[in-house]
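Summary of the model geometry
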Amino acid sequence: LVGVYTNRHGERWELQLKGSGKTPYSRNGDGRAVLRSSVREFLCSEAMHYLGIPTSRAASLIVSDDDVWRDQFYNGNIKKERGAIVLRLAKSWFRIGSLEILAHSGELDLLRRLLDFIIQEHFPLIAMNDSNRYLEFFSTVVSETANLISLWMSVGFAHGVCNTDNFSLLSITIDYGPFGFMDSYDPNFVPNTSDDERRYKIGNQASVGQFNLSKLLQALKPLLDPRQNQLASQILKGYGEHYYSRFTELFKTKLGLLGQNENDNYLIAFLLKVSL
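Values in this document were obtained by computation on a predicted structure and should not be read as measured data.

Now for the sheet that holds strand β3 (residues 57–70). On the basis of which strands lie adjacent, the open sheet formed by four strands has the order β1-β2-β4-β3 and antiparallel pairing. Sheet topology places β1 (3–6) and β3 at the edges, where each strand pairs with a single neighbour. Strand-to-strand twist of the sheet, defined as the mean angle between neighbouring strand axes without regard to direction, takes the value 25°. Where β1 meets strand β2 (residues 12–18), four bridges bridge the pair, whose relative direction is antiparallel. Looking at the pairing, Thr6 lines up with Arg12 of β2.

Take a look at the structure:
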């Protein structure tokens with residue numbers, strides 16, 4: 001993270017470099033990025049923005065003189081590639097994993113402070129003096145995550161690695177890695193060549209989203225009283241309805257269907273099956 005930039009419209013953007021080298025959080029990686037993946041992230045994040053899908057943006061791409069060694073197809077064939085650095089922007093880079101790791105390590109005071117900061121900075125409709133603010137926050141993330149994945153499905157976009165570290169708390173598309181767009185409808189489509197178990201195939205994205213939200217709820221539980229915990233569990237159960245409603249709405253728009261008809265859902269399901 002480089003810093004925060006406020007543009008002439010008063011919008012605040014967090015600037016982040018991808019591929020600039022090691023950080024304290026690089027684990028065993030080299031912190032570098034290759035040119036091919038950097039170009040893909042630049043192009044796709046901008047394409048997603050103009051498709052009307054919440055996403056991080058790309059500001060610049062710089063080719064590096066450093067050589068980067070990568071096993072592109074995970075088959076043991078390591079090759080030298082040209083490195084690159086992308087300057088990317090988002091309103092926030094906080095993810096479900098940002099809260100999950102604090103809860104897991106028992107740092108509850110820091111968890112509360114971080115969550116209050118996120119709400120104050122990015123969820124203006126939630127009052128900071130509201131005792132139910134964490135519940136309201138969770139409800140918003142649940143509905144907006146359902147909306148985001150519905151939008152992904154409406155354009156045939158598969159993220160490729162839908163873990164809690166790649167799911168934004170602001171429900172925007174982040175961390176473009178082994179993503180892909182379906183050329184033709186296939187619920188088993190997997191853009192990630194290392195995903196042998198098809199865990200993140202496009203047909204699983206909605207259910208993986210619910211799984212990640214359950215991990216978010218698990219992280220929030222120490223900050224909720226018993227009544228709030230019960231209500232949060234009910235909110236999570238409503239995720240499927242949120243998703244299905246938005247998915248249906250988007251596909252009806254694509255088909256030019258007006259009004260409400262009990263056969264609309266059947267027609268959508270039929271057409272998807274026909275295209276297999």
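Here we take up unusual backbone geometry. Non-glycine residue Ser171 carries a positive phi angle of around 55°. Considering the arrangement of structural elements, one finds Ser171 in the loop between β5 (157–158) and β6 (180–181). Given the relative accessible area of 5%, Ser171 is considered buried. For Arg198, which is not a glycine, the phi torsion comes out positive at approximately 55°. Relative to the helices and strands, Arg198 is located in the loop between β6 and α5 (205–220).

A few words on the domain arrangement of the chain. As assigned here, the chain comprises domain 1 (3–90) and domain 2 (96–255). Each of domain 1 and domain 2 was reduced to a C-alpha centroid, and the two centroids are 22 Å apart. Facing 19 residues of domain 1, the contacting portion of domain 2 comprises 18 residues. Both faces combined, the contact of domain 1 with domain 2 buries some 1,400 Å², and carbon together with sulfur accounts for 61% of it. In this assembly, domain 1 and domain 2 are joined by two salt bridges. Across the salt bridge formed by Arg12 and Glu121, the nearest N and O atoms sit 3.1 Å from each other. Summed over the shared surface of domain 1 and domain 2, the result is nine residue pairs in polar contact (both at pLDDT 80 or more). For the side of domain 1 that touches domain 2, the element with the most residues is helix α1 (residues 35–50), which contributes five residues. Looking at the side of domain 1 that touches domain 2, its residues break down into eight nonpolar, five polar and six charged.

Conventions and cut-offs
- Residues numbered from 1 in each chain as written.
- Predicted model: local features only at pLDDT ≥ 70, side-chain atom pairs only at ≥ 80, totals over all residues.
- Heavy atoms only, no water.
- Pairing = 2+ DSSP bridges.
- Helix = DSSP H or I, 4+ residues; strand = E, 2+ residues; numbered from the N terminus.
- Axes fitted to C-alpha atoms, helices over the stretch in contact; angles between N-to-C directions.
- Buried < 20%, exposed > 50% of the residue type's maximum accessible area, 1.4 Å probe, protein only.
- Domains from an automatic or database assignment.
- Contact = heavy atoms within 4.5 Å.
- Buried area = accessible area lost by both parts, 1.4 Å probe.
- Salt bridge = Lys/Arg side-chain N within 4 Å of Asp/Glu carboxyl O.
- Polar contact = N/O pair within 3.5 Å; in protein donor to acceptor, adjacent residues only side chain to side chain.
- Nonpolar A, V, L, I, M, F, W, Y, C, P; charged D, E, K, R; others polar.

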